[in-house]
Amino acid sequence: MSDTVEREVGRARPRKEDARLVTGQTHWTDNIAVVGLLHLAILRSPMAHARIDRVDVSPALERPGVVAAFSGADLAEGLGSLPCAWPVTEDIVLPDHPPVATTEVRHAGDPVAVVVARDRYAAADALEAIDVGYTPLPPVLDLEAALAEGAALVHSDKGTNRCYDWPLKAGEDFEAVRQRAEVTLKRRYHQQRLIPNAMEPRAVVVTPLTASGEYTLYSSTQIPHILRIMLAVVTGIPEHKLRVIAPDVGGGFGSKLQVYGEEAIALAVARRTGRPVKWTESRSEGHLATHHGRGMIQDIEIAADRDGTLLGLKADLLVDMGAYLMLVTPGIPILGAFMYPGIYKMGSYELNVTGVFTTRTPTDAYRGAGRPEATYAIERIMDELAAELGLDPVELRRRNWIGHEEFPYTTVAGLTYDSGNYEAATEKALALFDYDKLRAEQADRNHRGDSVRLGIGVSTYTEMCGLAPSRVLRDLRYAAGGWEAASIRMLPTGKVEVVTGTSPHGQGHVTCWSQIAADVLGVPFEDVEVVHGDTRAAPQGMDTYGSRSLVVGGTAVHHAAVKVVEKARKIAAHLLEASEGDLEFTNGVFSVKGSPDARRTIQEVAFETFTSHDLPDGLVPTINAEHLVDPDNFSYPHGTHLCAVEVDTETGQTRIRSYVCVDDVGRVVNPMIVEGQVHGGLAQGIAQALFEEAVYDDQGNLVSGTMADYLVPSAADLPEFTTDRTETPATSNPLGVKGVGEAGTIASTPAVVNAIVDALRPLGVRDVRMPCTPERVWQAVREASR
């Protein structure tokens, strides 16, 4: 290889994965066809809360094509409760969560029976024949009312709707700070429920090998390794008899970071029938049965001096758990608990989290998972404080953020931010946005009393990514660790297989891991293949979520590749009759210092290792290597997002006129992939601000249960984005990377809402509840005018 070979890391390579995806040569779970395949359909409760008086599945058995039908009682033997892996306090209330309800249903969509048929249409048609008797029970929907004495109970055996209380106090006592502060502000913010809506619906296929009691489960999941462990516990199938494969997975956004009842049901039915089975959700079924995101009331209080110096912050959170605790439901607000102070210096911080059961679909991880909620709260109240003090919102932030020269910096919440440069990102964003010119236009339009007002929103954020440090997770009572594994196999022909424990669903792992390995090994990018998503082919891993894959998984790939080079160095030294210390390794070639013609490529070393004809005595004939990474700290990307909106005060219509973001995600492996991640994140964050909400009526029925009622924005609903980056490498990993998958979602929501409120503030509006629909904006203007 030439000494002028371009490094792979940093190149905007088109994704290796895309050729298959865009030509339809894919392996989605629903595409899997197996001889003798049976199909499952699930009867779900139409009521939010009811006692089950009877379930008679026998009429369904008479329908054409039906092979079997089961009630919850039929399946109870051999199916345990679905797991919660994050009991955040010792006294947390942990109700049973049967995959199929047996005595009560606790949300609309709760499964009550299962039909098994020769095709999916016969199975679906037979559901209407099942006879279920219900006695209605009171729904529990309001978070504050649910905690009142005498409230109806979601789980009557638990005696309360309070799931847990989780406090955090840091720094000086907040009450003392409040007493001496020159300015205090209190605000209440509502994080509406969101429905994830991954492009590929959830699906599961189970193929049994009855003679040996083995099962292969294909699932549209983010977590094949975790899923395998948990399903072994739920079903009693020995872990070594269960193989889990995540084939091509079409998006997840946290909704597939889950152990779902349908996966356990499919295993149970395959075990009973001895036949392969498949279940695929419909889109409306997914709205009811796939976990929701967000769902929180935030009471925020900030204390400051008149010059804008922050003194302290207090946050009281009421968090909607839904009807059951799913895999990490209670831990989602805890992920955000340490991020409410954001990028700002202050001396006091207090947080109180209360989890509340309701008769709605359970909540769990959704892109950002706790950190968008925290960023929203601090960035909204910073704008409110700026208005109270008569300061420009950017100036208030400048007076309080951590200076670039102060890193590493330990925040009042106890996190140590390793690196950052908030000044650089903000200055670049302001220049791209033409901030001063827009402020001048805004002042002119306000002076003229225009009916269409211009608003400018600011969001300067950071987030903790690379969810990993196992000891930190232990201290937070999470049941698993956060390490990640990778191995590198050098094949005899010089090609490379990277085996990773991360499991991609759109992020571009195959491309980026190939770039990382190619750089370290000095082999062509095209010669690297990545193996993932199969617990037999890649047996070690903690999977993909929380912007951890590159920071933890990519770092594991890097270290494994370094180990390969060091193993190869011993053999190359022997072949070249030189000492290891005299060898140089550049662009995949070992050469002897001072004798450039004495050289061996790493591919040649791989073949010599395979033949084992001339290896040093006692050396094992392999240069393959593996590595596990368990970082000591999180990583902390950051950035500045600026949004300009025009709000028609007569109709309430909001139009995003321009959007600029400058993110710092550390060193960039593939700029094209980073750009795509940022754009996708912006779309979802803006969607929360303007469009999306899971709406329930007063009986607990989901009234936004179809794509006609739940507004997912298209490209036509979104503006052109101006994106750029600064680069402050992370010091916590050798790649210098920080993570990017959630950045756009975390930062964009408060930027948009701040812009809307900024436009309407001269009219007396200081908040608009999300989503900021035209009706809500119009109503806010009307109420302010009164």
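Check the entry above for the structure.
Only a predicted model underlies this, so the values are computations on that prediction, with no experimental measurement involved. What you see as residue numbers is a count from 1 along each chain, following the sequence as written. Per-residue local features of the predicted model are confined to residues with pLDDT of at least 70, and side-chain atom pairs are confined, for both listing and counting, to 80 or more; whole-chain, interface and lining totals are unaffected and use all residues. Excluding hydrogens and water, the side-chain figures rest on all heavy atoms present in the structure.

Participant: Which residues make up the pattern of salt bridges, and what values go with them?
Facilitator: In the sections that follow, a salt bridge refers to a side-chain nitrogen of Lys or Arg positioned within 4 Å of a carboxyl oxygen of Asp or Glu. Considering all chains together, one arrives at 63 salt bridges under this definition. One salt bridge in this structure joins Asp 724 and Lys 428, with 3.9 Å as the shortest N-O distance. Pair noted here: Asp 724 is in strand β28 (residues 721–725) and Lys 428 is in helix α13 (residues 422–433), with a separation of 296 residues, a long-range link. When a residue's accessible area, from a 1.4 Å probe over protein chains only, is under 20% of the maximum for its type it is buried; when over 50% it is exposed; and in between it is partly exposed. Assessed through its relative accessible area of 30%, Asp 724 is described here as partly exposed. Across the salt bridge formed by Arg 489 and Glu 497, the nearest N and O atoms sit 2.9 Å from each other. A relative accessible area of 31% means that Arg 489 is categorised as partly exposed. Because the salt bridges share partners, they merge into one network encompassing Glu 441, Asp 444, Arg 445, Arg 448, Asp 450, Glu 646, Arg 655 and Arg 657. Helical segments are the DSSP runs of H or I of at least four residues, strand segments are the runs of E of at least two, and each set is numbered from the N terminus.

Participant: Which residues make up the sheet that holds strand β24 (residues 595–601), and what values do they have?
Facilitator: With antiparallel pairing, the three strands of this open sheet are ordered in space as β22-β23-β24. Of all the strands in the sheet, the pair left with one neighbour each is β22 (583–586) and β24. Each adjacent strand pair in this sheet contributes to an overall mean axis angle of 30 degrees, direction not counted. Here, a strand pair is defined by DSSP locating no fewer than two bridges between the strands. Direction of pairing for strand β23 (residues 589–592) relative to β24: antiparallel, over a ladder of four bridges. In the strand pairing of β24, Ser 591 is matched with Arg 599. Against the sheet, helix α17 (residues 549–575) touches β22, β23 and β24, its axis set at about 130 degrees to β22. Lines fitted to the C-alpha atoms define the axes, with helices restricted to the stretch that makes contact. Angles between their N-to-C directions range from 0 to 180 degrees. In what follows, a contact means two residues having at least one pair of non-hydrogen atoms within 4.5 Å.

Participant: Give me the lowdown on the packing of aromatic side chains, citing residues and values where you can.
Facilitator: In summary, the pairing rule links any two rings of Phe, Tyr or Trp, Trp by its six-membered ring, whose centres are within 6.5 Å, and it sorts them by plane angle into stacked for under 30 degrees, edge-to-face for over 60 and tilted for everything else. Counted according to the given criterion, the structure contains nine aromatic pairs. Between Tyr 417 and Tyr 636, the aromatic rings sit 4.7 Å apart at their centres with planes inclined by 40 degrees, giving tilted as the arrangement. On the criterion of sequence distance, the pair formed by Tyr 417 in strand β17 (residues 416–417) and Tyr 636 in the loop between β25 (625–629) and β26 (638–648) is long-range, its members being 219 residues apart. Consider the ring centre and the ring normal. A charge sits over the ring if Lys NZ or Arg CZ is within 6 Å of that centre and within 35 degrees of that normal. The ring of Tyr 260 carries the charged tip of Arg 202 above its face, separated from the ring centre by 3.6 Å. The ring of Tyr 696 has Arg 360 sitting right over it, with the charged end atom 5.6 Å from the ring centre.

Participant: Pulling in residues and values, what's your account of the packing of helix α16 (residues 509–521) against α17?
Facilitator: In a packed pair of helices, the relevant descriptors are the angle between the two axes and the axis-to-axis distance. Contact geometry for α16 and α17: axes closest at 9 Å, N-to-C directions at 30 degrees. With respect to their mutual orientation, α16 and α17 come out roughly parallel. For the pair α16 and α17, the sense of crossing is right-handed. Across the interface between the two elements, His 509, Trp 513, Ile 516, Ala 517, Val 520 and Leu 521 from α16 touch Ser 549, Leu 550, Gly 553, Gly 554, Val 557, His 558, Ala 561, Val 562, Val 564 and Val 565 from α17. Counted by class, the contact of α16 with α17 contains 11 nonpolar, five polar and no charged residues. Note on terminology: angles under 35 degrees are roughly parallel, angles over 145 are roughly antiparallel, angles of 65 to 115 are roughly perpendicular, and the others are oblique. The handedness criterion is simple: a crossing whose near helix is rotated anticlockwise from the far helix by less than a right angle is left-handed, and one whose near helix is rotated clockwise is right-handed. Residue type decides the class: Asp, Glu, Lys and Arg count as charged, Ala, Val, Leu, Ile, Met, Phe, Trp, Tyr, Cys and Pro as nonpolar, and the leftover types, Gly among them, as polar.

All quantities given are derived from atomic positions and should not be read as evidence of function.
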